[in-house]
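# What the coordinates show
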Amino acid sequence: MGPVRSGMAYVLRPHSGAVEALTLGALYGVYELTRGTFGESWQLAQHNSDEIVRFERNLGMFWEWDVQRWAQSLPGLPAVLGALYVGLHVVATIAALVWVYRSHREHFALLRTVLVTSSAFALVLYAIYPAAPPRLAGLGIADTVTEHTGINLNSELLGQLYNPIAAVPSLHFGYALIVGVTVAALSPRLWVRVLGALYPVAMLFVIVATGNHFWVDAAAGGLVVAIAWILAQGLLQPSDPLRRSPAAAGC
């Protein structure tokens, strides 16, 4: 067990910025390529989305159509939300990784491990539970990203990397939860902590208003992150104060 523990400790501890950037970039590339291979089960994906809609309606919480219509009633907002959906997910996650690595390196291993672990779990769920997003589920919900950003999410080019039926769990929300909790837990500035706390809520609005996820998808993303945090904390040294609370699932 000695060599195994030593090897695990080496993998989990922070390394040079170049090594971390290359490793995470490669892992994210593998994640996107792998996710893009699960795109053949459209009938099952539609069935699963119908079940999600039925579940939400039984709870009296099928809000996606109303949220999008409200967003579309505000001039310019759909275009802003489309741009945020395309770019904020990646930009905010990278910014958080860089910030934690440079300013709070003792917490970097936990942040990185939760991100990687939650992404691995998500790939498994994409394979066994394909689901069409609201914009492709025959509900009258528009694809506002394609309409307002000029980026066709259904194009053949994007289809090589982007799988539209890999919707459950939503890692747009899951990553936002990780980043938001990390910022709220570590920033010394109150206004930044408030922004961190609001970020997952804002991302939930973005993914629903653009027709890319049901709120149930986001809930699944949050659950995946919580499980990833529980596993990550067991791998890391108990000295990390962010391990003390399950609310730190994103750290």
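For every chain, the first residue of the written sequence is number 1, and numbering continues from 1 along that sequence. Thresholds applied to this predicted model are a pLDDT of at least 70 for local features of residues and 80 or more for the giving and counting of side-chain atom pairs; totals over whole chains, interfaces and linings are not thresholded and use all residues. Hydrogens and waters are ignored; side-chain quantities use all the structure's heavy atoms.

Moving on, we get to the overall build of the protein chain. If you tally the helices and strands in the protein chain, you get eleven helices and zero strands. Numbered from the N terminus, helices here are DSSP runs of H or I no shorter than four residues, and strands are runs of E no shorter than two. Reading the helices (α) and strands (β) of the protein chain from amino to carboxyl end gives α-α-α-α-α-α-α-α-α-α-α. The proportion of buried residues among the 251 residues of the protein chain is 47%. To measure how exposed things are, a 1.4 Å probe is used in the Shrake-Rupley method; for residues, cover is taken only from the protein chains shown. Surface summary for the protein chain: the accessible area is close to 12,400 Å², and the carbon and sulfur share equals 68%. Note on exposure labels: buried denotes an accessible area under 20% of the residue type's maximum, exposed denotes more than 50%, and partly exposed covers the range between, all computed with a 1.4 Å probe on protein chains only.

Multiplying 1.5 Å by the residue count of a helix minus one yields the expected span of that helix. In this model, helix α9 (residues 171-186) (16 residues) spans 22 Å end to end at C-alpha, consistent with the 22 Å of a helix rising 1.5 Å per residue. When you tally the buried positions in α9, you get 14 out of 16 residues, the bulk of the element. We define a polar contact as two N or O atoms separated by no more than 3.5 Å, with the added condition that, inside protein, one atom must be a possible hydrogen donor and the other a possible acceptor, whereas residues neighbouring each other in sequence contribute only through side-chain atom pairs. For α9, the side-chain oxygen to backbone nitrogen distance between the N-cap and F173 is 3.2 Å, and the N-cap itself is S170.

With their axes 8 Å apart at the nearest point, helix α4 (residues 64-72) and helix α5 (residues 77-103) run at an angle of 115 degrees to one another. On α5, the residues that touch W70, A71 and Q72 of α4 are L77, P78 and L81. When its residues are assigned to classes, the contact of α4 with α5 shows five nonpolar, one polar and no charged. Each axis is a line fitted through C-alpha atoms, and for a helix only the stretch in contact is used; angles between axes span 0 to 180 degrees, taken between their N-to-C directions. Any two residues whose heavy atoms approach within 4.5 Å at even a single point are treated as in contact. In the scheme used here, Gly and all other residues not listed as nonpolar or charged are polar, with Ala, Val, Leu, Ile, Met, Phe, Trp, Tyr, Cys and Pro taken as nonpolar and Asp, Glu, Lys and Arg as charged.

Turning our eyes to something else, we now look at a nonpolar patch on the surface. Here a patch means residues that are over 30% exposed by relative accessible area and free of salt bridges, tied together within 9 Å if like-charged and within 5 Å if nonpolar (Val, Leu, Ile, Met, Phe, Trp, Tyr). We count a salt bridge whenever a side-chain nitrogen from Lys or Arg sits within 4 Å of a carboxyl oxygen from Asp or Glu. Together, V90, I94 and V98 make up a nonpolar patch on the protein surface, roughly 220 Å² of accessible area in all. Along the chain, the position of V98 falls in helix α5. Owing to a relative accessible area of 42%, V98 belongs among the partly exposed residues under this scheme.

It is the contact of helix α6 (residues 108-128) with helix α11 (residues 215-235), at a shortest axis distance of 8 Å, that shows an interaxial angle of 130 degrees. Classified by the angle between their axes, α6 and α11 sit oblique to one another. In the crossing of α6 with α11, the sense of the turn from one axis to the other is right-handed. On α11, the residues touching L110, T113, V114, T117, S118, F121 and L125 of α6 are V224, V225, I227, A228, W229, L231, A232, Q233 and L235. For the contact of α6 with α11, the residue count by class is twelve nonpolar, four polar and no charged. Any angle that is under 35 degrees is reported as roughly parallel, and any over 145 degrees as roughly antiparallel; angles of 65 to 115 degrees are reported as roughly perpendicular and all others as oblique. Take the far helix as your reference; a near helix turned counterclockwise from it by less than a right angle gives a left-handed crossing, and one turned clockwise gives a right-handed crossing.

Without other data, these values stay purely geometric and don't point to any function.
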